[in-house]
Amino acid sequence: MDVDTRLLRYFAAIAEEGNLTRAAHRLFVSQPSLTKQLKHLESQLGVRLFTRSSTGMRLTEAGRALAARVPPVLADWDAAVSETRSAARVLRVGFLASAANDATPAIVRAFGKLRPGWRVDLKQAPWSDPSAGLAGAEVPVALLRSPFPGEETFGVRTLFSESRCVALPSTHPLAGRASIDFRELWDDPVIVAPALKGTWREHWLALSERDGREVRVGAVTEHPDEFLGAIAGGCGIALVPASTSHFYSRPGIVYVPVRGVSPSEVAVAWLPDPGEAAVDFVRCCLDVTRSRRTGCGTRSG
């Protein structure tokens, strides 16, 4: 019988957290989806792995037996995948839409010069996973936006920062302005990502700059096209990095600079033991962004 390693990772998270809600937050999945996957694993194995109680999820005897075996199985699998990719000279790099942007090709070229014969396989993550694949150990290194959930468990270096602007439907009353004070947008509904929790949520909703004003959600979207479509359709607005206006120009959407919100930071992050190739990629990220700042005197996306 074959079992998806993803199901084993989900099981391990529930076993370690002892709580479905906490495990779902840790894995960046919805609780109903996690419950469904657990039932699928139990169906495949033909045993019950947990019992529910008022205090959370308790392992059954069968669950305890599996929990003892899963960590080394996953560790061996991760090592096998890493060794296989190293032998093939392929480095998988996760990224979020708008992270690094026009700096990415220069970073990839620098890595190719540092490691001739190697190929970078860029894997775009949905906004429901702000760790860009790191949380599930799908990639050893990623280009993303900081802060992100679980940031303290990875190595992280900031590459550059950029100001934020607001994406508005072109029919919005403020769409023709040269700039907007953030407080003028407090009452507008906001387009959010499914992973908007914790510091990630606080940053992209600019909660600390709202003076306690409650946020109204206009729509929840996971991918750039859905996100832009919701804004163009008048479902709400969103704070975005300034570079978004260059890379995601769409009819029906206007990007306007916003006063009164903190900038966004682009970072490179990596697993605790990412491998030598990933370490070299991090070095290239730092070298390229450093030379770009020195060459133009400014930071940009």
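Residues numbered from 1 in each chain as written. Predicted model: local features only at pLDDT ≥ 70, side-chain atom pairs only at ≥ 80, totals over all residues. Heavy atoms only, no water.

## With respect to the packing of helix α1 (residues 5-17) against helix α3 (residues 31-45)
For any two helices packed against each other, the geometry is given by the interaxial angle and the distance between the axes. Two numbers describe how α1 lies on α3: the axes approach to 10 Å, and their chain directions differ by 110 degrees. What the angle tells us is that α1 and α3 run roughly perpendicular. Like other packed secondary-structure pairs, α1 and α3 cross with a definite hand, here left-handed. When α1 is examined against α3, the residues R6, L7, Y10, F11 and I14 are found in contact with a partner set consisting of L34, Q37, L38, H40, L41 and Q44. A per-class count over the contact of α1 with α3 returns 7 nonpolar, 3 polar and 1 charged. (Axes fitted to C-alpha atoms, helices over the stretch in contact; angles between N-to-C directions. Helix = DSSP H or I, 4+ residues; strand = E, 2+ residues; numbered from the N terminus. Parallel < 35°, antiparallel > 145°, perpendicular 65-115°, else oblique. Left-handed = near helix turned anticlockwise from the far one by under 90°. Contact = heavy atoms within 4.5 Å. Nonpolar A, V, L, I, M, F, W, Y, C, P; charged D, E, K, R; others polar.)

## Quick word on the sheet that holds strand β12 (residues 253-259)
Pairing is mixed in the open sheet, where 4 strands are placed in the order β8-β12-β7-β11. Bordering the open sheet on either side are β8 (180-181) and β11 (238-241), each of which pairs with just one other strand. (Pairing = 2+ DSSP bridges.)

## Remarks on the sheet that holds strand β5 (residues 141-146)
The mixed open sheet is built from 5 strands, whose spatial order is β4-β3-β5-β13-β6. Unpaired on one side and paired on the other, β4 (119-124) and β6 (155-162) mark the two borders of the sheet. Sheet twist, expressed as the mean angle between neighbouring strand axes with direction ignored, is 25 degrees. As paired strands, β6 and strand β13 (residues 264-270) are joined by 7 bridges and run antiparallel to one another. Pairing of R157 across the sheet is with V268, part of β13.

## Comments concerning the nonpolar core
In this structure, L91, L144 and F281 are the most contacted members of the largest nonpolar core, which totals 54 residues. The element that contributes the greatest number of residues to this core is helix α9 (residues 276-296), accounting for 8 residues. Excluding anything up to four places from it in sequence, L144 contacts L96, A99, P130, S131, A132, L134, E265, V266, A267 and A269. Of all hydrophobic cores here, the second largest spans 20 residues; its members include L8, Y10, L20 and L49. (Core = buried A, V, L, I, M, F, W, Y, C linked by side-chain atoms within 4.5 Å. Buried < 20%, exposed > 50% of the residue type's maximum accessible area, 1.4 Å probe, protein only.)

## Concerning the pattern of salt bridges
A side chain with one charge can pair with a side chain of the opposite charge if their charged atoms come near. Scanning the model with the defined rule gives 13 salt bridges in all. Across the pair R177 and E184 runs a salt bridge, and its minimum N-O distance is 2.9 Å. Through salt bridges with shared partners, a single network forms among R115, E276, D280 and R283. (Salt bridge = Lys/Arg side-chain N within 4 Å of Asp/Glu carboxyl O.)

## As for the packing of α1 against helix α4 (residues 61-87)
Contact pair α1 / α4: the axes reach a minimum separation of 10 Å and the direction vectors enclose 125 degrees. With respect to α4, the element α1 is oriented oblique. Note that α1 runs across α4; the crossing there is left-handed. Contact with α1, carried on its side by T5, L8, R9, F11 and A12, involves G63, L66, A67, V70, V73, L74, W77 and D78 of α4 and no other residues of that element. Counted by class, the contact of α1 with α4 contains 9 nonpolar, 2 polar and 2 charged residues.

## Describing the packing of aromatic side chains
Throughout the structure, instances matching the rule amount to 5 aromatic pairs. Between the aromatic rings of F11 and F50, the centroid separation amounts to 5.5 Å while the plane-to-plane angle is 50 degrees, which identifies the pairing as tilted. Of this pair, F11 sits in helix α1 while F50 sits in strand β1 (residues 50-53), and the two are 39 residues apart along the sequence. Taking the relative accessible area as the measure of exposure, F11 reaches 1% and is therefore buried. Measuring from centroid to centroid gives 6.3 Å for F111 and W118, while their planes differ by 90 degrees, and the two rings are edge-to-face. Taking the relative accessible area as the measure of exposure, F111 reaches 0% and is therefore buried. You can call W118 buried: its relative accessible area is 16%. Through a chain of ring-to-ring contacts, three or more aromatic side chains come together here, namely F111, W118 and F281. Sitting over the face of the ring of W118, R115 holds its NZ or CZ atom 5.0 Å from the ring centroid. Sitting above the plane of the W204 ring, R164 keeps its charged end 5.4 Å from the centroid. (Phe/Tyr/Trp six-rings, centres within 6.5 Å; stacked < 30°, edge-to-face > 60°. Lys NZ or Arg CZ within 6 Å of the ring centre and 35° of its normal.)

## Section: helix α5 (residues 104-114)
Those residues of α5 not exposed but buried are T104, A106, I107 and F111. Along the long axis of α5, the arc covered by the buried residues comes to 160 degrees, so they all point the same way. Across α5 from its buried face, at more than 90 degrees, point the exposed residues R109 and K113. (Arc of directions from axis to C-beta.)

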